[in-house]
Amino acid sequence: MRRGREFVFLLLVAAALLSATARIHDNWTCSEDEFLCWNGQCIFTALPYNGKADRGDRSDEKNCSVSHCGPRGFQCRTAECITEHQVCDGHQDCAGGSDESTDLCKDEGGPGEDCTQLEFQCDSGQCIDFHSVCDNYADCSDKSDEANCNRNECLEKNGRCSHICRNLPLGYECDCPAGLELINHFICDDVDECKDSDLCSQHCVNLNGSYRCDCYNGYRKDSATSACEATGDEPVLIYTSGCEIRSISTSGIEARELVQSLDRVTAVSLDSHAARLYWTDVTGQSIFSKSIGGNTEDVTQTIGGLQTVSGIAVDWIYNHVYWTDSGAKTIELITLDGLKRKTIFSENLVEPAAVVVDPDSGFLYWSDVGKPTKIEKAGMNGVGRRILVNIGVEKPAGIALDTIKRRLYWVESDLNELLYTDLNGRQSTRVFHSEKHLANPFGLAVFEDRVYWTEQTNKAVYSANKFTGAGLTALAWNLTEPRGIAVFHKFMQPDGKNWCVSASPSCEYLCVPAPHTDVGSKYTCLCPDGMKLDATGYKCGSSTNSSGWPGQDTGQNALEETSLWLLLLVVGLTVSLMCCTAVCWRVILRCVKQSGCWYPVYLKPITNTRLSKEYTMDSSSQNELL
């Protein structure tokens, strides 16, 4: 009886709750496009009966037949079923478009997933293998892979392609002939092949859809390789081998000795127009020159008294010789006649090595193998100094200027590599690496399409293509400490204008090229070390104790001047002291004589026979020593 009363009580409570819920639910309202759940929440009408609980109370799935559209189907508002791949695929598959409604697709990333280039994207968004398209079997859920399979879009206005229309099993694609590139899906435009600086030996001319390689004046194109070769005499390599300077043709056929019986030659340079050879002698601490066609007696000393000359470069336009001195830590120049000398740099140099000049543009390049290792660039007048390359540089033993391609090449003895950079140092490129043929390179030269270097470990001279490093050839071997190397040909040093010839007024001491920029003079006047230009800009004024010009070592000059004055002071004091001593001594002797204290001493004759004999023997021995 008691249990019956409890059951009735529970029924009454449940009825009361249902009545209250119904009253509350009646007060809840949703829009006509929404479904009201029992918990009072509103969901989009297309979401009920889709087999998923879109609200926590699962009321949207109550009394729904999931099998009506299947577990992977979607029921439209109009009650028809579509596949889940057709929902939010950018195409309305439901009659009312409820599968593409904004509320339903607002969180979707777009119509379907991204497919790879080897896949076909169905209209439903699926990705299938491209080989499955138009194979008479529907792989896409919407069968879009088998639609329009017999249609050739290229027959209709060439598929809107500007040049080539290629028909595909399903659809088509546009393509371009050689020399053109597709800038969008339909239009082809010209490709500038000349952006590849290594495409041509010298000059590249871009054409519409193609390009052409040309050679500069004085060069001809090889019919087999299309490389530009210099006309006239065959280029000749001049290199050092211990105490000798030798020459050999670039083909490696003809070789001869130019200079013999030298001390220790380290670097060579040429004045191709005057056919004169210049070299440095470390032992003799000098720079010498000789006519290439002259005899041995033709050797002339340009300058002596140097310390450790590492590199040398001839300015063939303004008639100067530049050199690096790793002992003095300087970069200097002198006129070819050896009469006028000037220090360009004497600061921030650790171990300056190779040096090259470009007088036509007014720039100077050199390597410093001390720490920190770097390659630097400056005007030949000493202004505008800056680091060209200091990243990825270990020991740039040799450098060479390529005036045709406007590049600076160098060899790395520690990295066993040949590299180059543009003359602004923006990009460095490695040509090739070889632990055998670049084991310990030293000298470097570039001409035409070839690069030449001396190798001290293998005691040889090598040659290779300057673009790729291919065609590596040994031109000379079994050498003795090969170091400097240069190419002798009239095109190696192109003609240029000497702006100092027409300078008005002319420079009092030295005239050198200035960096050729859009503004400024083409030349600069320089004064001897320790002096500076006056207000006129071409005359040398009084001496200066400050750095009045780039590269002037006033500290060294001041030290030398101080040492000279100290030496003169010491000599003067010594002479004065000696004079005073002599005068005093004479005064003392005069006083002694006047006082009668000075008498001459006479030795008594030796009568002892034994002593007389010993005395005679000692005198004879002393005479022999004297």
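Residues numbered from 1 in each chain as written. Predicted model: local features only at pLDDT ≥ 70, side-chain atom pairs only at ≥ 80, totals over all residues. Heavy atoms only, no water.

1. Side note on the side chain of aspartate 271
Locating aspartate 271 in the fold gives a position in strand E18 (residues 265–271). No salt bridge is formed by the buried aspartate 271; the nearest opposite charge belongs to arginine 276, separated by 7.8 Å. In this view, aspartate 271 contacts Arg276, Tyr278, Val314, Trp316, Leu336 and Gln493; residues no more than four positions away in its chain are not counted. (Helix = DSSP H or I, 4+ residues; strand = E, 2+ residues; numbered from the N terminus. Buried < 20%, exposed > 50% of the residue type's maximum accessible area, 1.4 Å probe, protein only. Lys, Arg positive; Asp, Glu negative; His and termini not counted. Salt bridge = Lys/Arg side-chain N within 4 Å of Asp/Glu carboxyl O. Contact = heavy atoms within 4.5 Å.)

2. With respect to the nonpolar core
One broad trend across soluble globular proteins is that nonpolar side chains are buried collectively. Counting residues in hydrophobic clusters, the biggest one holds 16 residues, and the most contacted among them are Tyr322, Phe345, Leu364 and Trp366. For this core, the secondary-structure elements that each account for two or more residues are strand E24 (330–335), strand E25 (341–345), strand E26 (352–358), strand E27 (363–368) and strand E39 (510–513). (Core = buried A, V, L, I, M, F, W, Y, C linked by side-chain atoms within 4.5 Å.)

3. Observations regarding the pairing of strand E28 (residues 374–379)
Of all the 6 residues making up E28, 6 are buried; the element is thus mostly covered by neighbouring parts of the structure. Counting the residues in the hairpin turn of E27 and E28 gives 5 residues. Where E28 meets strand E29 (residues 386–389), 3 bridges bridge the pair, whose relative direction is antiparallel. Bridge pairing in E29 links isoleucine 375 to valine 389. Where E28 folds back onto E29 in an antiparallel hairpin, the turn is made up of 6 residues, including glycine 382, whose phi is positive at roughly 95°. (Pairing = 2+ DSSP bridges.)

4. Describing the state of the cysteines
In a disulfide, the sulfur atoms of two cysteines are held together by a covalent bond. Counted under the stated rule, the structure contains 13 disulfides. Between cysteine 115 and cysteine 127 runs a disulfide, and the two sulfur atoms are separated by 1.8 Å. Looking along the S-S bond of the cysteine 115-cysteine 127 disulfide, the torsion reads about -85°, which is the left-handed sense. In this pair, cysteine 115 is assigned in the loop between helix H2 (102–105) and strand E5 (119–121) and cysteine 127 in strand E6 (residues 127–129), connecting sequence segments 12 residues apart. Given a relative accessible area of 23%, cysteine 127 falls into the partly exposed group. The side chain of cysteine 200 participates in a disulfide bridge whose partner is cysteine 213; the two sulfur atoms lie 1.9 Å from each other. Judged by the torsion about the S-S bond (-75°), the cysteine 200/cysteine 213 disulfide is left-handed. Here cysteine 200, found in the loop between strand E10 (188–190) and strand E11 (203–207), pairs with cysteine 213, found in strand E12 (residues 210–214); they are 13 residues apart in sequence, far enough to count as distant. Look at cysteine 200 and you get buried, because its relative accessible area is 2%. (Disulfide = S-S within 2.5 Å.)

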